[in-house]
Amino acid sequence: MRFGVVTFPGSNGDHDALSAIELGLQQEVAPVWHKDRSVDGFDALIIPGGFSYGDYLRAGAIARFSPIMEAVTDFAQQGGPILGICNGFQVLAEAGLAPGVLLRNANLSFSCRWVHTRVETGRTAFSNGLQPGTVLRLPIAHGEGRFFVTPEELAHLEERQQIVFRYCDEYGNDDPLANPNGSTDSIAGVCNERGNVVALMPHPERAYDPLLGGDEGLQILGAVLRSGVEAAVGR
Amino acid sequence: MTITTEALREVALTRVEYDQVVELLGREPRPVELGMFGAMWSEHCGYKNSRPLLKKFPTTGPRVVQGPGENAGVVDIGDGIGIAFKIESHNHPSAVEPYQGAATGVGGIVRDIFTMGARPIALLNSLRFGSLDSPRTRYIFDGVVGGIGGYGNCLGIPTVAGDIFFDDSYTGNPLVNAMCVGVVDNSAIMRAKASGVGNLVVLVGADTGRDGIHGATFASVENPEESHRGVIQVGNPFLEKLLLEACLEVLQTEHVVAMQDLGAAGLTSSVVECASSGDVGIEIDVQKVTRREQGMNAYEVMLSESQERMLVVVREEGLEDVRAIFDRWDLHSDVIGRVTGDGNVCIMDGEAVEVNVPASFFVDQCPTYVRDGIESARIANARAFDVDSLPDLSREDVGDALHALMASPNICSREPVVQTYDHTIMSNTVLPPLAGDAAVVRIKGTNKAIAVKTDCNPRYVYLDPYVGGMHAVAEAARNVSCTGAKPIALTNCLNFGSPEKPEGYYQLERAVSGMADAARALETPVVSGNVSLYNESGNEAVFPTPTVGVVGLIEDVSTAVGMTASSGAVLLLAGQHSATIGGSEYLKQRHGMTAGAPPSLDLDLEIRVQKFVQDAIASRMVHAAHDTSEGGLLVAVIEMLDGSLGSALDFSCLASENGGRLDRLYFGEAASRIIIAAAPTQVEALRTLAEAADVPLAEIGRVNTSGVLRMDDATSIPILDLHDSWASGLKR
Amino acid sequence: MGKQQYLVEVFISLKEVVNDPQGLAIRDGLHNLGFDEVDGVRAGKYLQVSVNAGSPEQAQQRTAEMCDTLLANTVIEEYRITVADRATS
C-alpha cells in the first residue's frame, strides 16, 4: 500500500508520519507538497500535525486553501482513506471533511503527555479490525485540541457512529480526569459519515516503537491495510 | 573633530577604544563604522573580557570535529555522524519581554545549529529566576516558559531536558540559556567561511526592521531594563521552520560556500564573521536589503536584529537553483553583495560608501582585557562559616524537613513546565524529561543514542567559584553517566556580573579555571559556548552561573536506563559517603542561609564513580541510576520511587562518615555519588565490579510495595504524601 | 455621585515598529487566495469591557489603566480605547 503524507508550510509531524509508515508499518510512503494538485498514485493520505502557516489566525484555517486540498477533497469524496492527525484534524475540520471544531485546551496550555484512548467503532478506515473498547496508549501534544460540537451535533455524531476514539483511563473507563483538553464528551477522534476520513488529536505516528514509549499507534495506522486496499480499489 | 561622550555611550565604547579605532583606520570612523565597531567590540561579540580566560578550556580531543569559533561545536559519534551543539544566553531580552525574549533565544540557537548543516533534534534550557513569591517573577517565569514552548513546539524540535533554579539574586535579571543539539554528516559540515572572489552574498528570510538595534551592546551593559531602548524582537517560529527546511535543502546542493545566521548585531556580525573567517572581503549594498519599515538608514539596516534571517554565500552559477529552493519554501531572498579579494568589509548605500574597513580590524583587533580579580570579603566570610556549628536536626523533625525540601521550588517536580513542551515529536525520545537524570535521544538509522543535560549549582559557584565551576562540569557529566552514556564533550554559557568589578572578575576567572580542570580530567572538551556578563540589577550581580551542557554517547540504545527503581530492587550508593550541608538546599530552606564551604570534589573519584556506573548499566546489572544533588540522599531516593512503591532504608553504614549528624546524613550534599537500583541477584557482581573500580559501594535500602518510606529508626512516611508535596511546588 | 455602565471597546495591536508574524502570515494567505489588493495586515485583540463609571472620560481613563497594568503588554503593544455606547444591562 502506498501512503502519501501532505506537507504544508509549518507542518512538523510529516517526518514522524513518514518514519512511522516506513519503519513501523513497513509500507511505501512519500511526501506530498501543498502546492501539488494531484494525489494520483496514493492509496491512503495522512494529513500530519504541526503548525501549518504558524496556526496564525486559526489552526488549519489558511492551510485548507492550499492547492493540494482540492485533490484531497476529491480523494475523500471517492472514498479514499485519509487520516488527519492533530493539526491535520484541524485542517480537515476547517475544510469540512471532518465534523466539529477544535478550540484552545480548557486549561489554556499546551499539553504534551501520554494518554489512553478507547476505540468506539471498528467501522472506519483507521479502526477497521479493532474491537470497540480496545484501549490504546498514545501521546498527545497540542494547545488547541478541545473538540467541540453542540449537543444536537453530538447526538447526530453518535447516531451515525462518527465518534471513533474517546479519552479514557488505562482500563478503558470513562473518567473526566482522563480528558486532557476539555473535549466534548471526551472525544479524541471522529470520522466522516462514510468512515473513510478519520481525524484525531493523539499522535499514532509517534507511537510505532516500544523504544519510544509504545507502539500502539501502529494499530491505527495499520487498520487501513485491512480496509484501505478495498476502499482504494472500490472507488 | 572630537567625539562626544554621548556618542560613545551610544555604542558602548570607551574613549581609549575609540582612539584605537582612529589609529587603526588612520582617520575618524564614519557613523556606520563606529556603530559596527561598537557592536563587534562589545563583550557579546568580541569577548573582550573573557577571551583570555577562555583559552584555559581544553578544546581538542579525538572526537572533536569542530571546536569553538564556529556557530556550534561538532563531535564525532562514529559512522560518519557528528553531533553539533551549543548553548546561548538570552538573558537581557527575557528580562524586558519574557515571552519574546525566550522565544527568540530558542530561535537563535536553533539557527546556529542548522547553519552548520545539522538537523536540530533536541532543545534544552537552563533557567534562573528570583523567588516565585514575587508577582513580577511569576510573570517572567510564565512568559519564559511560554516562549520556549511556543517557539520550540512550533518548530517541531523536542524540548527534552534542562534545569530550573530559583534564588533572589536573579529577581531583576533572570537567566535564560537555550541549548540545541543537531545531527550532521561529518563530511557535509558547513562553516561561516566566505570564499571565492565574486561569489554572491544572499540574504534570505524575514524582512529587516528596526528590531533590537544595539542588542549586542545592550547585552553587555548592566541594568537591562533601563538601558534598553531598541525595539523588542518578536519571533516568528513559522518562518524559522521554513528557513530551517530550506537551508538544509540548499546545503544539499553544491552551490553554497558559507552560511551564517543573523543573530546579535545582525548583518554587521554575520558579514564581518564570514569575511574574517574566510580571509576575504565582502561588499554589500544596504539598498538591496528588503525592509519591513520605511525610512531606515544604513546604520539601522546594519545593526538591526530582526530574527529569522540567514546570510548565504553562493556560487554565481548556482544562484538560480538556490533561489528556486527558497522560492519553493515561500522565502524571500535578495542578492545583497559579493565576496571581494581585498579583505575589507565595504558597506554601500547605493553610491555612497558607508563603511570600508578591513574585516580583521573588527575581529582580530578587538581589545582584550586581563583584569585583577579580588574575592569579595563578604563571600569569603560566608564560606568560612562552620555549618556543623548549627544545631543538628532532631529525629522528630526529619519528616517535616523532608516535606519542605520536596516542595522547595528548586527540588519539586518540573512536570507542570515540561508538559508544555513537546518532547515526543521527531520520534527519537527514548528517555523523556524527568524519566532519567538526562534525556536520551536515539540517532535514527543507528543503534546509538545521545544523552544530554544542562546543569549548574550556582550556590556552590557563589561560595567557591573554583570548586563550583568543577561541580558544574562534574554534575552535568554525572547526570549523563546515570543513563549509561559516556560524556564526550560540553558546551557552556558563562552568566556572570560585571567583569569590571574585581569581585565579579574573580568569580569569572576562578570558575573558568575550575571548569577547565574538570573538563580536562573528565575528557569532555569544550566545543562551543557563549559568554553573558553584566548580569546585574540594582548594582547587585546574579549568582555566578556557568551553565554547562554535556553530550554523552550510548553505543547501544537498548541499554539506557532512567531513574525509576522497580519493586524488590536493592538500592546501593556508589561513591562518596560523606556529605555536607555547606551551600545546600537544606541549609537555605531550614536555616535561610547560603553559607559554608560547598562539597569538595575529588576528580579522580568522580571519574571512577561515573565509569563504574556506565559499565554497570552497559552490562545491564542495574535498571535505574540517579545522581544525588540538591536535597541530598533522601530526596534522591524518593525521586526514584513511583507513588505505588515504598522503601525500607538503612543508612547506618554512612552515619560515622557524616559525623553522626542527621542533617548531613539525610540532606547533606556531595559530589561523586550515584544511587543505583539493581535486582538482588546482581548485588554480588556489582560489589566485585565496584571493588575492581575502587569505588565505595554501600547498600542503603530496598524497594518494596508498601507505599511507605521507612527510615532507619522506624519513622514512616507515606510516599504519596511526599509526592503531593513534590508535585505542588511550582503550582500555587 | 451616580455611576453608569459604559461599554468600552479596547483594540490592542502590536506597535507599528514591532514585527507581526501573524499579520504577515494572514497577508500571504490572502495573496495566495488572489486578494492581491491587500497591502498589509496587522493582527490584534478586541475586548469589550463593561465599566461602571461616573462619566465617559472616567471610563476611558480607568480602562487605560487596565490596559497599562494588564490588558496590553506595553513593551510591544499599543492600544486604542473607545467608549462606544452605554451598555444595556
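For the structure given in this document, a descriptive report is provided here. (Residues numbered from 1 in each chain as written. Chains lettered and ligands numbered in written order. Predicted model: local features only at pLDDT ≥ 70, side-chain atom pairs only at ≥ 80, totals over all residues. Heavy atoms only, no water.)

1. What about the overall build of chain A?
Counting its regular elements, chain A contains five helices and 11 strands. Taken against the 2.2 N^0.38 rule, which gives 18 Å for 235 residues, the C-alpha radius of gyration of chain A at 16 Å falls within 12% of a compact globule. If you line up chain A on its principal axes, its C-alpha atoms span 45 × 40 × 40 Å. Taking the intrachain contacts of chain A between residues at least 6 apart in sequence as the baseline, contacts between residues at least 24 apart amount to 77%. In the structure as shown, chain A presents an accessible area of about 8600 Å², 47% of it carried by carbon and sulfur atoms. Side-chain charges of chain A comprise 17 positive and 28 negative groups, with the mean position of each set lying 4 Å from the other. (Helix = DSSP H or I, 4+ residues; strand = E, 2+ residues; numbered from the N terminus. Rg over C-alpha atoms; globule rule 2.2 N^0.38 Å. Contact = heavy atoms within 4.5 Å. Areas by Shrake-Rupley, 256 points an atom, 1.4 Å probe, with all protein chains shown as cover. Lys, Arg positive; Asp, Glu negative; His and termini not counted. Charge placed at Lys NZ, Arg CZ, Asp CG, Glu CD.)

2. Thoughts on the packing of aromatic side chains
Under the definition given, this model contains 15 aromatic pairs over all chains. Where F37 of chain B meets W41 of chain B, the ring centres are 5.2 Å apart and the plane angle is 80 degrees; that geometry is what we call edge-to-face. Classification of W41 of chain B as buried rests on a relative accessible area of 0%. Here a set of aromatic residues connected by ring pairs shows up, and it is made of Y586, F651, Y666 and F667 of chain B. The ring of W33 of chain A is capped by R328 of chain B, whose NZ or CZ atom sits 4.2 Å from the centre of that ring. Seen from the ring of F11 of chain C, R80 of chain C lies directly overhead, with NZ or CZ sitting 4.3 Å from the centre. (Phe/Tyr/Trp six-rings, centres within 6.5 Å; stacked < 30°, edge-to-face > 60°. Buried < 20%, exposed > 50% of the residue type's maximum accessible area, 1.4 Å probe, protein only. Lys NZ or Arg CZ within 6 Å of the ring centre and 35° of its normal.)

3. A word on unusual backbone geometry
Within the chain, S186 of chain A stands out as a residue other than glycine whose phi angle is a positive 60 degrees. By secondary structure assignment, the location of S186 of chain A is in the loop between strand 9 (163-168) and strand 10 (187-191). One non-glycine residue, E523 of chain B, adopts positive backbone phi at about 55 degrees. Among the secondary structure elements, E523 of chain B is positioned in the loop between helix 21 (502-521) and strand 18 (526-532). Assessed through its relative accessible area of 59%, E523 of chain B is described here as exposed.

4. Remarks on the interface of chain A and chain B
Chain A puts 29 residues into the contact, and the matching count from chain B is 30 residues. Together, the buried faces of chain A and chain B total about 2300 Å²; carbon and sulfur atoms form 58% of this surface. It is W33, C112 and L211 of chain A that lose the most area in chain A upon contact with chain B, and together they represent 24% of the buried surface on that side. There are three salt bridges connecting chain A and chain B. D330 of chain B is the partner of K35 of chain A in a salt bridge, and the nearest nitrogen-oxygen pair spans 2.8 Å. If you look at where chain A meets chain B, you find 14 residue pairs in polar contact (both at pLDDT 80 or more). Sorting the residues of the side of chain A that touches chain B by element identifies helix 1 (14-24), strand 6 (111-119) and strand 7 (135-142) of chain A as the ones contributing at least two each. A breakdown of the residues in the side of chain A that touches chain B according to their chemical character gives 14 nonpolar, 10 polar and five charged. (Buried area = accessible area lost by both parts, 1.4 Å probe. Salt bridge = Lys/Arg side-chain N within 4 Å of Asp/Glu carboxyl O. Polar contact = N/O pair within 3.5 Å; in protein donor to acceptor, adjacent residues only side chain to side chain. Nonpolar A, V, L, I, M, F, W, Y, C, P; charged D, E, K, R; others polar.)

5. Here we look at the interface of chain C and chain A
Between chain C and chain A, the contact holds seven residues from the first and five residues from the second. Across the chain C/chain A interface, buried area totals approximately 530 Å², and carbon plus sulfur atoms make up 80% of it. Linking chain C to chain A there are zero salt bridges. Put simply, chain C and chain A have zero residue pairs in polar contact (both at pLDDT 80 or more) between them. Looking at the side of chain C that touches chain A residue by residue, the class counts come to four nonpolar, three polar and no charged.

6. Section: the pattern of salt bridges
Here the structure, examined in full by the defined rule, presents 50 salt bridges over all chains. The residue E158 of chain A makes a salt bridge to R166 of chain A at a minimum N-O spacing of 3.0 Å. Residue K86 of chain B is joined to E88 of chain B by a salt bridge in which the shortest nitrogen-to-oxygen separation is 3.3 Å. Three or more residues are tied together by salt bridges with common partners; here these are R118, E120, E158, R166, D174 and D185 of chain A.

7. Concerning helix 28 (residues 719-728) of chain B
Residue and element names in this part refer to chain B. Among all positions of helix 28, only I719, L722, H723, S725 and W726 are buried. Angularly, the buried residues of helix 28 cover 160 degrees about the axis, an arc narrow enough to put them on a single face. Exposed and facing more than 90 degrees away from the buried side of helix 28 are L720 and D724. (Arc of directions from axis to C-beta.)

8. Here we look at helix 20 (residues 465-481) of chain B
Between the first and last C-alpha of helix 20 of chain B there are 24 Å, a value that for 17 residues agrees with the 24 Å anticipated at 1.5 Å per step. With 16 of 17 residues buried, helix 20 of chain B is to be regarded as a mostly interior element. (Expected span 1.5 Å × (residues − 1).)

9. Quick look at the sheet that holds strand 6 (residues 175-185) of chain B
Two orientations exist for strands paired in a sheet by backbone hydrogen bonds: parallel and antiparallel. Residues and elements named next belong to chain B. Read across the sheet, six strands follow the order 1-2-3-6-4-5 without closing on themselves; strand pairing throughout is mixed. Each end of this open sheet is capped by a strand with a single partner; those strands are strand 1 (64-66) and strand 5 (159-166). With strand direction ignored, the average angle separating the axes of adjacent strands in the sheet is 20 degrees. Here strand 2 (residues 73-76) pairs with strand 3 (residues 81-89) via four bridges, running antiparallel. (Pairing = 2+ DSSP bridges. Axes fitted to C-alpha atoms, helices over the stretch in contact; angles between N-to-C directions.)

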